[in-house]
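Coordinates in review
Listed below are the residues making up each chain.
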Amino acid sequence: MNQSLFAAIGAHLPSDLQKPFIRTPDGGGYSYADMLRSTAQFAHALVELGVQPGDRVAVQVDKSPEAIMLYLATLRVGGVYLPLNSGYTADELRYFLGDAQPTLFVCAPAFEAEARQLAGECAVAQLATLGSHGEGSLMTRVDGQPGNFADVPRSADDLAAILYTSGTTGRSKGAMISHGNLVSNARALVQAWQLSADDWLLHALPIFHIHGLFVACNSLLLAGGSMLFLEKFDAAEVLRLLPQVNLLMGVPTFYTRLLDQPELNHAAVAHMRLFVSGSAPLTAETHRAFRERTGQAILERYGMTETGMNTSNPLDGERIAGTVGFPLPGVELRITDPGVAEPTVLPQGEPGMIEVRGPNVFQGYWRMPEKTAEELRADGYFMTGDIGFIDERGYVQIVGRSKDMIISGGYNVYPKELEQIIDTLPGVAESAVIGVPHPDFGEGVTAVVVATPGAVVQEAEIVAGLDGRLARYKQPKRVLVVDALPRNVMGKVQKNQLRDRFKDLYRS
Ligand code: MLC
Ligand code: AMP
């Protein structure tokens, strides 16, 4: 039996295939029938380009419905989809292409010359382009292909995707996600949020992370629902289009920006069935403010690349601000003592490491068995790196992170990656990169720098030194020069002290 995600989608198609799958604000888009035909055509093109079952297809393109067709077609040919943030620089891409060894790299048309060079360096056999309006060499090859395709059968354990997540130390790791992971998680969300063919989702997230790609698209597809597809989030545009939909999924920055819109009120959202937030903590303050202004309680859920979605506040029942709700169907969750090597479960109410187990948990890190063994226990539990507890009503609350990671507007930023570059800049003795409260992005990436004796370091020089080397969203919003970094007796930099010292930096 074919256990691929696409087979599951095929088993849940809406009865009317002319029903919209994706619609764009200009009236374009794909019905379910169009989606079936188009993904078949893309699949033929991929086969022509030499993509074999198990091969990686790396994709760095702007958001478009065609990019979703490419994702689904990759699944149909048995390939492994590898989405890449469209903000990544050539330096960042070189590592991903070299590590994942894709057969095909699909990039934006404007990036073709640079991508060709990179593909050559990384021994990527094929390059194709796909633009945000469906233009490019891939589409030229897709056009005219047959509208039927015999899908390559996959087992539940076969890989469907690899998504890179940076590490607290060292290199980025490719999280290997199977068809079984995707199908089980999408099913759990359909059940938990009662998604149906009547649902219309306003899709304003990027599609190179699990939130926009898997949580949004896979679950809507398994429900036979429809999506209104925006190129990117824009609060005024979202409010304007809201009457056409009944669901919104976003990161907390979506909700703080919507709250800044004077037009947001009860009447503007009265028809909405559900607002979902995730990828970063939604403050209880934002949750309450949104409820006061609109009468709607945002449903907060918690997940990560390696596990898909783990917990969700209830659809029916109290959605409690500052909590991420209960484990989803099929997901087991426990809290263990982070200071003890053997899993030691803590009493309810005590904070510790959040561990999860279930069909949602990934298959390990691509070609990094030792890293996999560090985070995936022998009994199948994955150590999330998030610190939390289960309250007396069973709601999970996240109180912190054991991993040195910043979440800015829903994107993860790993301080080590910045510190390693900053420390090589002229006049810098050492640096510490921290996240401090930011009104728009939740946490603002902030670099604290110490100059070498006799040197004078300016904020602008550090900013210029990072330019072009890291994606823009990772760049520090501020660089602060200090005399020395606080250290403990072991010599370890005390980032907590720095976070405390600069906690009001972005408060007006
Ligand atoms: C953009 N910028 C950011 C940023 N996004 N800076 C810090 N953090 C961010 N998240 C920078 C740009 O580089 C640019 O800087 C300036 O801000 C404006 O750029 P923009 O393109 O206009 O950005 P904007 O549209 O305002 O984007 C903000 C945003 C976007 C919040 C809408 O970041 C976004 O869509 N975030 C969602 C991320 C997401 O999908 N995460 C899910 C991960 S999956 P400059 O200097 O160039 O001017 C996951 C698991 C789970 O975590 O549980 O879901
Ligand atoms: P990623 O590696 O991009 O998948 O990010 C996953 C991380 O995002 C998790 O380990 C959490 O730290 C964080 N995260 C996701 N959802 C939430 C949430 N609702 N509240 C707090 N943190 C969250």
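Residues numbered from 1 in each chain as written. Chains lettered and ligands numbered in written order. Predicted model: local features only at pLDDT ≥ 70, side-chain atom pairs only at ≥ 80, totals over all residues. Heavy atoms only, no water.

A word on the UniProt feature "domain: AMP-binding enzyme C-terminal" (unreviewed entry) in the chain. Those residues carrying the UniProt feature "domain: AMP-binding enzyme C-terminal" (unreviewed entry) are residues 417–492 in this numbering. The distance separating the terminal C-alpha atoms of residues 417–492 is 18 Å; by composition the span is 18% helix and 34% strand. (UniProt positions renumbered as here; feature names shortened; annotations may be inferred. Helix = DSSP H or I, 4+ residues; strand = E, 2+ residues; numbered from the N terminus.)

Attention now moves to the domain arrangement of the chain. Accessible area lost upon the coming together of the parts serves often as the stated size of an interface. Considered domain by domain, the chain is made up of domain 1 (28–154) and domain 2 (406–501). When each unit is reduced to the centre of its C-alpha atoms, the spacing between domain 1 and domain 2 is 36 Å. For the pair domain 1 and domain 2, the summed buried surface comes to about 460 Å²; carbon and sulfur atoms form 41% of the total. Run the count over domain 1 and domain 2 and you get one salt bridge. One salt bridge in this structure joins Lys474 and Glu92, with 2.5 Å as the shortest N-O distance. In this structure, the connection of domain 1 to domain 2 is made through three residue pairs in polar contact (both at pLDDT 80 or more). Residue composition of the side of domain 1 that touches domain 2, by class: one nonpolar, three polar and two charged. (Domains from an automatic or database assignment. Buried area = accessible area lost by both parts, 1.4 Å probe. Salt bridge = Lys/Arg side-chain N within 4 Å of Asp/Glu carboxyl O. Polar contact = N/O pair within 3.5 Å; in protein donor to acceptor, adjacent residues only side chain to side chain. Nonpolar A, V, L, I, M, F, W, Y, C, P; charged D, E, K, R; others polar.)

Summed over all chains, the structure comprises zero disulfides. With no disulfide of its own, Cys122 has Cys107 as its nearest cysteine by sulfur position, at a separation of 13 Å. (Disulfide = S-S within 2.5 Å.)

Turning our attention to the site of ligand 2. Surveying the vicinity of ligand 2 reveals 17 residues, the closest of which are Arg301, Thr305, Asp386, Lys403 and Asn412. Here an oxygen atom of ligand 2 and a backbone polar atom of Thr305 are 2.6 Å apart. In the model, an oxygen atom of ligand 2 is placed 2.6 Å from a nitrogen or oxygen of the Asp386 side chain. Bound to the protein, ligand 2 loses 92% of the 500 Å² it would expose on its own. When residues of the shell around ligand 2 are traced back to their parent elements, those giving at least two are β13 (299–304) and β19 (396–401). Broken down by element, the residue count for the shell around ligand 2 peaks at five residues, all from β13. Counted by class, the shell around ligand 2 contains eight nonpolar, four polar and five charged residues. (Near = heavy atom within 4 Å. Areas by Shrake-Rupley, 256 points an atom, 1.4 Å probe, with all protein chains shown as cover.)

For a regular strand, side-chain orientation follows a simple rule: the groups alternate between the two sheet faces. Most of strand β7 (residues 159–165) is tucked away: seven of the seven residues are buried. In the sheet, β7 pairs with strand β8 (residues 173–178) via six bridges, with the strands oriented antiparallel. Directly across from Leu159, in β8, lies its bridge partner Ser178. (Buried < 20%, exposed > 50% of the residue type's maximum accessible area, 1.4 Å probe, protein only. Pairing = 2+ DSSP bridges.)

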